Amino acid sequence: MGQNHRRHGRCIPAGQRPRFAVCITTGSLTRSASANPFDVVQKIASKTGGQAKYLPARFIADSEEDLAVCIQQRVVQDIIRTGMRARACFISVGECDASTFLSRYGYLSKDDLDALDKLGAVGDTLGLFFDENGNYINSQICRRTPAINLSALSGSDIILLSAGTAKLKATRAILKAGFITGLIIDAASAQRLNSLL
């Protein structure tokens, strides 16, 4: 966990809320990254006295059949139900090119990116890709991803985290979908985004 995450973790007031749950609703990453979501979730759960829950699945399954088998597991169903009842959901957005996290860490090949480009994908959140209007695309990659379709959530605050002007195209697109209720963004990107909307 990076320095900023350690510092921010100390800002969370300690408490004992055993019914409080912090849940990761995407599959597991098989390579380390600068910001490990498992560490972040565990830190929040530890500070609040709540539970940390993780989806026991790969970030992108090898096949649709593999994902179908995984989704039927009771523990996976439990995590999905928890995620669907969430009062708040914090998500990030990624661009859809060779510089994206999923490409740099080997989750997407050049052929995958080419296929997504042909379908009009401009970005992703939770491993699900969307077009310039924020509509999820019908791609084979998305059908192998065990993530919650955020547009199906009701009664939840969905907060988008976006940093850097490279993500503006994807940020603008997902905002068009209409299910984002809050945005955390850096000042320079916010100014650029305001001119695009």
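As a reminder, the structure under discussion sits directly above these lines.
Presented here is a report on the structure given in the accompanying data block. Residue positions within a chain follow its written sequence, with the count starting from 1. Only residues with pLDDT of 70 or above have their local features reported here, since the model is predicted, and side-chain atom pairs are shown and tallied only from 80 upward, although totals for entire chains, interfaces and linings are computed over all residues. The basis for every side-chain value is the complete set of non-hydrogen atoms in the structure, without hydrogens or water.

## Details of the packing of aromatic side chains
- For Phe, Tyr and Trp, rings pair up if their centres lie within 6.5 Å, where Trp contributes its six-membered ring, and each pair is then called stacked (planes under 30 degrees apart), edge-to-face (over 60) or tilted (otherwise). The full count for this structure, using the stated rule, is two aromatic pairs.
- Between Y136 and F179, the aromatic rings sit 6.5 Å apart at their centres with planes inclined by 20 degrees, giving stacked as the arrangement. You can see Y136 sitting in the loop between β6 (128-130) and β7 (157-162) and its partner F179 sitting in the loop between α7 (168-176) and β8 (182-185), a full 43 residues away along the chain.
- A relative accessible area of 24% means that Y136 is categorised as partly exposed. By the criteria applied, helices consist of DSSP H or I runs no shorter than four residues and strands consist of E runs no shorter than two, each listed in order from the N terminus. For every residue, the accessible area (1.4 Å probe, protein chains only) is compared with the maximum for its type, and the residue is labelled buried under 20%, exposed over 50%, or partly exposed between those bounds.

## A look at unusual backbone geometry
- Residue L126 is not a glycine yet carries a positive backbone phi of 60 degrees.
- With respect to the helices, strands and loops of the structure, L126 is situated in the loop between β5 (123-125) and β6.

## Thoughts on the nonpolar core
- Buried Ala, Val, Leu, Ile, Met, Phe, Trp, Tyr and Cys residues that are joined via side-chain atoms within 4.5 Å together make up what is termed a nonpolar core. Grouped together as the largest cluster of nonpolar side chains are 31 residues, with contacts concentrated most on I91, L108, L116, F129, L150 and I158.
- The set of elements that each furnish at least two residues to this core consists of β3 (88-92), α6 (110-118), β6, β7 and α7.
- Residues are treated as being in contact if the distance between any of their heavy atoms lies within 4.5 Å. Each residue touching L108, except ones within four places of it in the same chain, is listed here: I60, L102, S103, L113, L116, F129 and I141.
- A57, C70, V76 and I79 belong to the second-largest nonpolar core, a separate cluster that totals five residues.

## What to know about α6
- Within α6, burial applies to D112, L113 and L116. The arc that holds the buried residues of α6, viewed along the axis, is 95 degrees, so those residues lie on one side. Residues of α6 that are exposed and angled more than 90 degrees away from the buried face: K110, D111, D117 and K118.
- At its buried positions, α6 is contacted by α5 (101-104) and β6. Relevant arc is that of directions from the helix axis to the C-beta atoms, nothing else.

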